[in-house]
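Coordinates in review
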Amino acid sequence: MTAALFFEQLLNGMQFGVTLFLMAAGLTLVFGVMGLINLAHGSLYMIGAFACAAVAAATGSFWLGLVASIVAAAFAGAIIEVSVIRRLYDRDHLDQVLATFALILIISEGCRFVFGSFPLFLDVPAILAGPVILPGGLPYPIYRLSIIVVGGLVALGLYLLIAKTRLGIRIRAGEADREMIAALGVDIRTLYTIVFALGAGLAGFAGAMVGALQSVQVGMGEPVLILAFVVIVIGGIGSIKGALIASILVGVVDTLGRVSLPSMFGLFMDPSAASSIGSSISSMLIYVLMAVVLIFKPEGLVSQNG
Amino acid sequence: MRHLKKFAVSALALTLAASSMAYAGGAKIGMITTLSGGGSGLGIDVRDGFMLAINQSDNKDVEVVIEDDARKPELAVQIADKMIQSEKVDILTGIIWSNLAMAVVPSVVAQGKFYLSPNAGPSQLAGKGCNPNYFNVAWQNDNLHEAMGAYANAVGYKNSYILAPNYPAGKDALTGYKRFYEGDLAGEVYTKLGATDYAAEIAQIRASGADSVFFFLPGGMGIAFMKQYAASGVDIPVLGPAFSFDQGILGAVGDAALGVKNSSQWSNDLDNDANKAFVASFQEAYGRLPSLYASQGFDTANLILSALDGADVKDADAFRAALKVAEFDSVRGDFRFGNNNHPIQNIYVREVVKDGDVLTNKIVGLALEQHTDAYAQECGM
Amino acid sequence: MASLSRESILNIFLTLAMVALPFVATAIDEPFYITLATRVAILGLAGVGLNLALGTGGLVSFGHAAFFGVGGYAAGILASHALNYTPIMESPFLIEGTNQMLIIWLVAIIASGIVAYLIGLLSLRTSGVYFIMITLAFAQMLYYFAISWPAYGGEDGLSIYVRNAFLGVNTLAPHGFYFICLGLLFGGIFLSATLKNSRFGAALQSARQNEERLSAVGVRPFNIKLTAFVISGMMTGLAGALFADLNRFVSPSMLSWHMSGEIMILVILGGVGRLYGPLAGAIIYILFEFIFGGMTEHWQFFLGLVLLGVVLFARGGVIGLIAGRARHD
């Protein structure tokens, strides 16, 4: 692999990691504050993508679609929180898993009922279409580059929100001691709804951003959801910083693994078999990474209180 | 004298019609197809095409039972058991995916029922595992890929980069392409099944110096690949089988698909009367252009109806023979079965074009003429 | 246990109903009901396995499809080698395939036990949400491996074509195979009842409720939990082997996270920790799929609603609804 190609693959890995981060951030935030495991996070991602595609198709503007994706997912999140999730905070994780699994079934089939079974069209906006030439003469899609930038901005925004605002103070207090902030007169029910809607909005935003690159269809959230789980387990559940580190790590390891393993196997077997076996092994790579992290740090890279 | 002859001819036609009406028996058909979850667009198209033919037919004694397999092999097996044991169907059809077909078909035909495949054509069932009660009305899985390999030779590509998901159908696809393609390979890559990010592969394609890219990435994978490929600025021409450029998917790929060459045994603009009538009536009935899958469902139903005209479904030998002669007006034009009950048919090259606002395909050439699949000799029939 | 509780009456009723079912099905000439009931028995057994970890041990495993699939593949691989008359391996020593169910079951149990041991060793270092996600992720890892590994069919799966043999029983006749599966289901229920009431069961329950106390008396909770997890995986693995025989087919979808969800759903529907919970849940789940699946393609929407209703309003599942709250709560 030449240095330029390696650098390009590194960028690809970062970009993949950043999209994972947008998913994982909401998931880990909701867990950190409310102690809730939400399998339906992938469905919110899907709602965002569908909302963006529908609005972009109706208005012709990707940007309006992007706004719609955040609004729709946050709104759906708020409805779900008020009607279902709210009843689950005091339950054990098993009930949470089951109820949110039920939500996946309901939202997926509901979405299919409304939008039909065929994938929807959503394309990157014209000004972000096509490649840009990076220093060194490497052409790279502008849209992917902007995902990396946007992901960085979201991470920064989340940091500022949690570290510097009143809402952030309450969120941190909620993580530390639930009874106390209720005693201080903060309306914890509203706080929880806001946090859940915030996480949902992030997921919807990720769905729209990624939907423009991939395909907008029912079930698109599930593979990402499982990857996001791997990310937050590696990063340390509840930690946004951990989610950021782990998602970049997972993105880069996965991308480099899938590029380099087949050629490594190619050194001693025929190319067709090497590609097939190499990609079998590389599809397991991030789970191996997770196992290794767990052996040395069962609480994840950044422990929740760190 | 002329009058008399005319009279004789029409009398003959009348008796023929009467006799065929006398034989047009009923049948109970069980359709197991994917109507919910991922990939349900394909099952819905097959069902709609199939039911269009059934509704257009004069034979009112055909009953169709439809059930959703949700793309789960276990569920498909259970539905097949139910249809045979409880609904007592004579014929089964409808399965979209090779893995579901492999789960259901061997035991169905072992129980003496007929199975007609409207989509999947795994190599095992075409070669050593062929069965007189199994008919494939679509294609053997390798066919469209082989056609693309032949086309790559015809236009002079010498250095192809080929990729497919890492699962059996993906391997069959690349094997099929390589069976006909004579040039070198700039790369051969298997991607993770269900992967939706192809940045790493596209970077490798750019660096490989290939003069053409052949890919088989069905469903959402293909949509993602085409969009990302178009955005990457790599301008190496892309080839693929019809699956990633079919009517149900083109809308989601958008202009990124324009101009791509793909192989198919059928197209909207295929010039024959049956097809013109099919495309018009499908649009009228469902308000959308038919897809490849819809055409296969339509052909499957018409094949069954044609066989029922001549034979009683309970008389397995006669019905099998009636299916085998395949005397129906296929929307593909000529249609016949080879020794292994798989089609021998023309495979065309289509190009994605824009017709007004709608993306669709038009035929630009013939890739393989009266093509037989590669496994036919292994079949003992 | 002086007088029969409502739960015991329900259990006896379920037992009798399952035994009587094939005779009724034959009488009304609906042999398919036997196939359906066989599926209930097998999924019930998988659920009994999970219930041991989930109900008694409090280990919320979202990856039991891994053991189900490993058991299924053990059956599929052995049987397919026997069918093709090819040995599984020739060196260092010869291993032949087989179509004898007894051997297949043994291999399935051992193989899924080993996998459960390895997964348990890593995942039991954690608890709570970590445990859920890690078991899920390991099952997914096996799923991707099964799909992409070229031997044994990949995503296409592996067909067995004929059913394996069990002593003198005609396994292809619906009755014969049904009673084999039912026997194993009741065996599994009996085993988990025995375990639950044994010293091991007491230790496992206190490992769930109070780890410190257990450590204080010199028992390592980790070992207790790992043992329970392995036994649980073995039972689910056995169910997987039976499932392969029922469908005459194995495929990676047995390993998918939807399968884990399905096994978990039927345990919850029936009632977590209840002896007959998985069986009751499997009956409801299969009936639901059978009745609504035939009526609408959107049946999963309604399944979701029912599931949500059970979780929110009918804690303790169906057995809990009928028999009242469990005494140990």
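Please read these numbers as outputs of a predicted model, since none were measured by experiment. (Residues numbered from 1 in each chain as written. Chains lettered and ligands numbered in written order. Predicted model: local features only at pLDDT ≥ 70, side-chain atom pairs only at ≥ 80, totals over all residues. Heavy atoms only, no water.)

**Looking at the overall build of chain C**
Put simply, the test is: Note on conventions: DSSP H or I runs of at least 4 residues are helices, E runs of at least 2 residues are strands, and numbering of each starts at the N terminus. We compute the radius of gyration over the C-alpha atoms and compare it with the globule rule, which gives 2.2 Å times the number of residues raised to the power 0.38. Remark: exposure states derive from per-residue accessible area (1.4 Å probe, protein chains only) relative to the maximum for the residue type, with buried under 20%, exposed over 50%, and partly exposed in between. The contact criterion used throughout is that any non-hydrogen atoms of two residues lie within 4.5 Å.
A tally of helices and strands in chain C yields 13 helices and two strands. In summary, chain C has a C-alpha radius of gyration of 20 Å against a globular reference of 20 Å for 329 residues, a match within 12%. By principal-axis analysis of the C-alpha atoms, chain C measures approximately 55 × 50 × 40 Å. Relative to its full complement of 329 residues, chain C shows a buried share of 61%. Residue pairs at least 24 apart in sequence account for 76% of intrachain contacts in chain C once pairs closer than 6 positions are excluded.

**Some thoughts on the overall build of chain B**
We apply this condition: Methods summary: accessible areas were calculated by the Shrake-Rupley approach with a probe of 1.4 Å, and residue burial reflects only the protein chains presented. A positive count includes Lys and Arg, and a negative count includes Asp and Glu. His and the chain ends are not counted in either. To locate a charge, take atom NZ for lysine, CZ for arginine, CG for aspartate or CD for glutamate.
The helix and strand tally for chain B stands at 13 helices and 13 strands. A globule of 381 residues ought to have a C-alpha radius of gyration of about 21 Å, and chain B, at 21 Å, matches this closely. The dimensions of chain B, computed from C-alpha atoms along their principal axes, are 70 × 55 × 40 Å. Within chain B, the proportion of its 381 residues that are buried is 64%. In chain B, of all internal contacts separated by at least 6 residues, the share reaching a separation of at least 24 is 69%. A total of about 12900 Å² of accessible surface is found on chain B, and carbon and sulfur atoms cover 53% of it. Chain B carries 30 positive and 42 negative side-chain charges, and their two centres are separated by 1 Å.

**Regarding helix α3 (residues 65-84) of chain C**
Residue and element names in this part refer to chain C. The condition is simple: What a helix should span is 1.5 Å times the count of its residues minus one.
The end-to-end C-alpha separation of α3 is 28 Å, in line with the 28 Å expected for 20 residues at 1.5 Å each. Extensive coverage of α3 is indicated by the burial of 18 of its 20 residues. Phi turns positive, to about 55 degrees, at Tyr-85, one or two residues after α3.

**Some details on the domain arrangement of chain B**
Residues and elements named next belong to chain B. Put simply, the rule reads: Domains are outlined according to an automatic or database domain assignment. We define buried area as the total accessible area lost by two parts upon association, computed with a 1.4 Å probe and summed across both. Throughout this description, the term salt bridge denotes a Lys or Arg side-chain nitrogen within 4 Å of a carboxyl oxygen of Asp or Glu. Polar here means any residue other than Ala, Val, Leu, Ile, Met, Phe, Trp, Tyr, Cys and Pro, which are nonpolar, and Asp, Glu, Lys and Arg, which are charged; Gly is therefore polar.
For chain B, the assigned domains are domain 1 (25-139 + 270-337) and domain 2 (143-264 + 347-378). Of note, the centres of domain 1 and domain 2, computed from C-alpha atoms alone, are 27 Å apart. With 14 residues of domain 1 at the interface, the matching set in domain 2 holds 18 residues. With both chains or domains summed, domain 1 and domain 2 bury close to 1300 Å², and 62% of this area falls on carbon and sulfur atoms. Summed over the shared surface of domain 1 and domain 2, the result is zero salt bridges. Those elements giving two or more residues to the side of domain 1 that touches domain 2 turn out to be α5 (123-126) and α12 (292-310). Of the residues contributing to the side of domain 1 that touches domain 2, the split by class is seven nonpolar, three polar and four charged.

**Re unusual backbone geometry**
Residues and elements named next belong to chain B. In this structure, Ala-70 takes a positive phi of about 50 degrees despite not being glycine. Relative to the assigned elements, Ala-70 resides in the loop between β2 (62-68) and α3 (73-85). For Ala-70, a relative accessible area of 13% corresponds to the buried category. Even without being a glycine, Arg-71 presents a positive backbone phi close to 65 degrees. One can find Arg-71 in the loop between β2 and α3.

**Concerning the packing of helix α2 (residues 41-59) of chain A against helix α3 (residues 62-83) of chain A**
Residues and elements named next belong to chain A. Put simply, the rule is: Axis geometry follows a simple rule: fit a line to the C-alpha atoms, using only the stretch in contact for helices, then measure angles between N-to-C directions, giving values from 0 to 180 degrees. The scheme is simple: roughly parallel for angles under 35 degrees, roughly antiparallel for over 145, roughly perpendicular for 65 to 115, oblique for anything else. Crossings are sorted by hand: turned counterclockwise from the far helix by less than a right angle, the near helix makes the crossing left-handed, and turned clockwise it makes it right-handed.
Contact geometry for α2 and α3: axes closest at 7 Å, N-to-C directions at 140 degrees. Comparing their axes, α3 and α2 come out oblique. Seen from above, α2 lies across α3 with right-handed handedness. Contact residues: α2 offers Leu-44, Ile-47, Gly-48, Ala-51, Cys-52, Val-55, Ala-56 and Thr-59, while α3 offers Phe-62, Leu-64, Gly-65, Leu-66, Ala-68, Ser-69, Ala-72, Ala-73, Ala-76, Gly-77 and Ile-80.

**Quick notes on the interface of chain B and chain C**
Applicable threshold: Pairs of N or O atoms are called polar contacts if they sit within 3.5 Å, as long as, within protein, a hydrogen donor faces a hydrogen acceptor (for residues adjacent in sequence, only side-chain-to-side-chain pairs).
Taken together, the contact between chain B and chain C spans 32 residues of the former and 32 residues of the latter. Taken together, the links from chain B to chain C amount to two salt bridges. The partner of Asp81(B) in a salt bridge is Arg248(C), with the nearest N and O atoms 4.0 Å apart. The interface formed by chain B and chain C includes six residue pairs in polar contact (both at pLDDT 80 or more). Taken together, the elements giving at least two residues each to the side of chain B that touches chain C come down to α2 (40-56), β2, α3, α4 (98-110) and α7 (168-180) of chain B. Examining the composition of the side of chain B that touches chain C, we find that eight residues originate from one element, α3(B), more than from any other. Partitioned by chemical class, the residues of the side of chain B that touches chain C number twelve nonpolar, ten polar and ten charged.

**Re a nonpolar patch on the surface**
As a reminder of what qualifies: By definition, no residue in a patch forms a salt bridge, and every one has over 30% relative accessible area; like charges are joined within 9 Å, nonpolar side chains (Val, Leu, Ile, Met, Phe, Trp, Tyr) within 5 Å.
Nonpolar side chains collect at one region of the surface, where Leu106(C), Ile110(C), Ile114(C), Tyr117(C), Leu118(C) and Leu121(C) lie side by side and expose about 570 Å² of accessible area between them. Structurally, Ile110(C) can be placed in helix α4 (residues 101-123).

**A closer look at the interface of chain A and chain C**
Each partner contributes residues to the interface: chain A has 45 residues there, and chain C has 42 residues. The three residues of chain A that bury the most area against chain C are Leu94(A), Leu98(A) and Phe101(A), which together make up 14% of that side's buried surface. Remark: the boundary between chain A and chain C carries zero salt bridges. Here chain A is connected to chain C by six residue pairs in polar contact (both at pLDDT 80 or more).

**Overview of the pairing of strand β12 (residues 343-355) of chain B**
Residue and element names in this part refer to chain B. Cut-off, in case you're wondering: Two strands pair under a simple rule: DSSP has to find at least two bridges between them.
Pairing geometry for strand β10 (residues 261-264) and β12, over four bridges, is antiparallel. Across the sheet, Ser-264 pairs through a bridge with Tyr-348, a residue of β12. Taken together, strand β11 (residues 336-337) and the strand that follows it, β12, pair antiparallel across an intervening segment of five residues, in which Asn-341 is found at a positive phi of about 60 degrees. Of the strand pairs in this sheet, β12 and strand β13 (residues 358-371) are connected by ten bridges, and their pairing is antiparallel. Its bridge partner being in β13, Val-349 is matched across the sheet by Gly-365.

**Thoughts on the sheet that holds strand β1 (residues 27-33) of chain B**
Residues and elements named next belong to chain B. In space, the five strands of this open sheet follow the order β2-β1-β3-β4-β5, with parallel pairing throughout. Across the chains shown, the open sheet's two edge strands, defined by having one partner strand only, are β2 and β5 (134-136). The average angle at which neighbouring strand axes cross in this sheet is 20 degrees, direction not considered. Bridge count for β1 against β2 is seven bridges, and the pairing is parallel.

**Some details on helix α9 (residues 220-232) of chain B**
All names here are of chain B. For α9, which comprises 13 residues, the first-to-last C-alpha distance of 18 Å matches the rise-based estimate of 18 Å (1.5 Å per residue) to within 8%. Buried within α9 we find Gly-220, Met-221, Gly-222, Ile-223, Ala-224, Phe-225, Met-226, Lys-227, Gln-228, Tyr-229, Ala-231 and Ser-232. Two residues or fewer past α9, Gly-233 is found with a positive phi of approximately 80 degrees.

**Looking at the pattern of salt bridges**
As enumerated under the stated definition, the model contains 26 salt bridges over all chains in all. Arg258(A) serves as the salt-bridge partner of Asp254(A), at 3.4 Å between the closest nitrogen and oxygen. Residue Asp254(A) and its partner Arg258(A) are located together in helix α10 (residues 240-265), separated by four residues, close to a single helical turn. Residue classification places Arg258(A) among the buried positions, given a relative accessible area of 18%. Linking Glu289(C) and Arg39(C) is a salt bridge whose minimum nitrogen-to-oxygen distance equals 3.5 Å.

**With respect to the confidence of the model for chain C**
To keep it simple, the criterion reads: How sure the predictor is of each residue is captured by pLDDT, a score from 0 to 100.
Mean pLDDT for chain C: 85, with 95% of residues reaching 70 or above. For this predicted complex, the interface confidence score (ipTM) comes to 0.83, while the overall pTM stands at 0.82.

**With respect to the environment of Pro73(B)**
Its place among the elements puts Pro73(B) in helix α3. Spatially, the C-alpha atom of Pro73(B) lies 29 Å from that of Ile162(B), the residues being 89 residues apart in sequence. Contact partners of Pro73(B), with chain neighbours within four places excluded, come to Asn99(B), Leu100(B), Ala103(B), Phe249(C), Ser251(C) and Ser253(C).

**Observations regarding the state of the cysteines**
Note the threshold: For the purposes of this analysis, a disulfide is any pair of cysteine sulfur atoms at a distance within 2.5 Å.
Summed over all chains, the structure comprises one disulfide over all chains. Across the disulfide, Cys130(B) is cross-linked to Cys379(B) (sulfur-sulfur distance 2.0 Å). On the sign convention where negative is left-handed, the bridge of Cys130(B) and Cys379(B), at about 85 degrees about the S-S bond, is right-handed. Placement of the pair is Cys130(B) in the loop between α5 and β5 and Cys379(B) in the segment after β13, with a sequence separation of 249 residues. With respect to burial, Cys130(B) and Cys379(B) carry one shared label: buried. The structure places no disulfide on Cys52(A), whose sulfur is separated from the nearest cysteine sulfur, that of Cys111(A), by 13 Å. Note on Cys52(A): relative accessible area 0%, which makes it buried.

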